[in-house]
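Structural description and commentary
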Amino acid sequence: MQVQSAGCFAHIFSRLLFLLIFAPVVSCFDPEAGPTLTIKGSTTVLPVVQIGAEVFMDRNPGVNVSVQGGGSGVGIASLIDRTTRIATSSRDIKAEELERARAAGVHPHETIVVMDGIAVVVNPSNRVDNLATEQIRDIYTGRTSNWQDLGGPDREIVVISRDTSSGTFEAFEKLALEGLKVRPGALVTASNQVVNTTVAQTPGAIGYLGYGYLSHRVKTMMVDGVRPSVETIRSGKYPLARPLYLYTDGKPAGEAKRYIDLLLSEEGQRLVQEQGFIPVR
Amino acid sequence: MRHFRETIYKWIFSVLAFASLLFLTGIILTLFVESYPFFVRHDISESIFGLYWYPTYDPPEFGMLTLITASFVVTLGAMVVCIPIGVGTALFLQELASASQRAVLKPLIEILAGIPSIIFGFFGMIVVAPFLQRLLGIPTGLNAFTASLVLGIMATPTVASLAEDAVSFVPRSFREASLALGANRWQTLTRVVVPAAGSGISTAIILGIGRAVGETMVVLMVAGGAAVIPHSIFDPVRPMTATIAAEMGEAVMGSGHYGALFAIGLILFFITLAINIVAEIISRRFRLKLGLGR
């Protein structure tokens, strides 16, 4: 009897699993879908384009905006092979990519929509408040490996970096490390959220985040005596700041233009500020 | 008419059966073609035994030894976890458990096998890692040990169900003969059942290893991702699969980095191929030994 009931349970479970797997596939075939505007690229820019997409779809019920992450490189690669209308990037397009784009007959056009600062974060239990850019460089290249050398307690520094496909990594590498190599022993994590979680969980940790991803779970460091904020990032006083880009094939037109105009409008800029980014105007 | 329909069915099913062969050929071909430029431009032994993995710097370095070591360390650790639990579960289910215990345990093990690896990864990252970090006072919980533990738990159902099959294939007459000769249950288990099912159990373990070597999500989330040769099991590591998953998104198509990732994929493919061949050889011997033929 019991054997039978267990078998029955397994049967129901497998049915349930089947539904779980196939239900989303079925729902993809929505016959009422209109034109689609695809936006793909940097996970740093993701919250900006996401909020923009929500407002845009509210205003333009016929248009479907599809927003995807994947990394700045993925976005630009997709623009080149024409699988996305807008590519988002947290770095300049590379010469190598520009060359490939030209070869494919694509002409990337750059629009700066918002500024981003890279915040250096530590565990809330850490007593150190300020790091010089050189100190950050020493930590990440492995020349400094104990908080004692930075005015903290005798505790090993757990260095947290991002994988090389992250735009935040590339910007951090350029802005803070000036091209030096991150030490091999650094932990490599796959997203801003994971950096947040890991730093919050690890007393000796140091990590870096896009300004929009700062959370109350981690402690934000001053860099060269400057605290990252809207003012210090826009004015350029905060050393670890950068613009965020949208790339289109040629000058933005049609839905892409309307979308970008929305982001650059007063309302759009206010929305991105609410997401923790720094408006350009 | 009937004959005609039969021919059609035969054709349809042949095509379906050969489809997987087509996919396999396609995958192998892609791996070779995409990694070929890398092997032409770089010295193979220098890459495999190189200690530094800096694929995006100029000049790039493609030392894979840290990644290969990491995969081995984590897999070995996972085996230490999943062999005793998996084989123990199999023996318990077949030899000791009552019908009602089996009715509860077997579906539970199947559910464990069906849990997506990302959920194991989440569990490892949010629960296991912080817990071990506090318990052991180590700098970070994201390390080879935690990854081994989570991977081991994940591979346990594979080992348990395959080992259970192996034990169930041991003919009833073997046990009866042993008991009739005056051996007790423990003696029968350790001296008759386990040796008879030995190669089947080995196959289960080897396929468990295959599962652990190829697992990506868990190691990406839990192993820490540091490309160093670990000095202890509590150091963060960066297995091959995690490297491919983390970096493929950014690698410029056709670049050295792209080729290097495919080269890692090829190495990984050869490792799992070797594992499968060994498992196949052992299981064939096992079938012969029990007189099951073929």
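What comes next is a walk through the structure. (Residues numbered from 1 in each chain as written. Chains lettered and ligands numbered in written order. Predicted model: local features only at pLDDT ≥ 70, side-chain atom pairs only at ≥ 80, totals over all residues. Heavy atoms only, no water.)

1. Observations regarding the overall build of chain B
If you tally the helices and strands in chain B, you get 12 helices and two strands. Over its C-alpha atoms, taken along the principal directions, chain B stretches across nearly 75 × 70 × 30 Å. The buried share of chain B, taken over its 294 residues, is 45%. Considering only residue pairs separated by 6 or more positions, chain B has 70% of its internal contacts joining residues 24 or more positions apart. Split by element, the accessible area of chain B, about 15,100 Å² in all, is 71% carbon and sulfur. When the 18 positive and 16 negative side-chain charges of chain B are each reduced to one mean point, those points stand 17 Å apart. (Helix = DSSP H or I, 4+ residues; strand = E, 2+ residues; numbered from the N terminus. Buried < 20%, exposed > 50% of the residue type's maximum accessible area, 1.4 Å probe, protein only. Contact = heavy atoms within 4.5 Å. Areas by Shrake-Rupley, 256 points an atom, 1.4 Å probe, with all protein chains shown as cover. Lys, Arg positive; Asp, Glu negative; His and termini not counted. Charge placed at Lys NZ, Arg CZ, Asp CG, Glu CD.)

2. Comments concerning the pattern of salt bridges
Residue and element names in this part refer to chain B. In total, this model carries 13 salt bridges over all chains according to the counting rule given. Between Arg175 and Glu95 there is a salt bridge, with the nearest N and O atoms lying 2.8 Å from each other. Of this pair, Arg175 sits in helix H7 (residues 172-180) while Glu95 is found in helix H3 (residues 65-96), placing the two residues 80 residues apart along the sequence. Each member of the pair, Arg175 as well as Glu95, carries the same accessibility label: buried. (Salt bridge = Lys/Arg side-chain N within 4 Å of Asp/Glu carboxyl O.)

3. Description of the interface of chain A and chain B
Taken together, the 36 residues of chain A in the interface contact 31 residues of chain B. Linking chain A with chain B are one salt bridge. Lys181 of chain A serves as the salt-bridge partner of Glu61 of chain B, at 2.6 Å between the closest nitrogen and oxygen. Between the two partners, chain A and chain B, sit five residue pairs in polar contact (both at pLDDT 80 or more). Those elements that place two or more of their residues in the side of chain A that touches chain B are helix H1 (2-28), helix H3 (72-80), helix H4 (95-103), helix H6 (167-177), strand S7 (187-189) and helix H7 (192-201) of chain A. Counting residues per element, the side of chain A that touches chain B draws most heavily on H1 of chain A, at five residues. (Polar contact = N/O pair within 3.5 Å; in protein donor to acceptor, adjacent residues only side chain to side chain.)

4. Quick look at the packing of H3 of chain B against helix H4 (residues 99-114) of chain B
All names here are of chain B. Interaxial distance between H3 and H4 falls to 10 Å at its minimum, and their mutual angle equals 150 degrees. Classified by the angle their axes make, H3 and H4 are roughly antiparallel. Here H3 and H4 pass one another in a crossing that is left-handed. Two secondary-structure elements touch here, H3 through Thr89, Phe92, Leu93, Gln94 and Leu96 and H4 through Gln101, Arg102, Leu105, Lys106 and Ile109. (Axes fitted to C-alpha atoms, helices over the stretch in contact; angles between N-to-C directions. Parallel < 35°, antiparallel > 145°, perpendicular 65-115°, else oblique. Left-handed = near helix turned anticlockwise from the far one by under 90°.)

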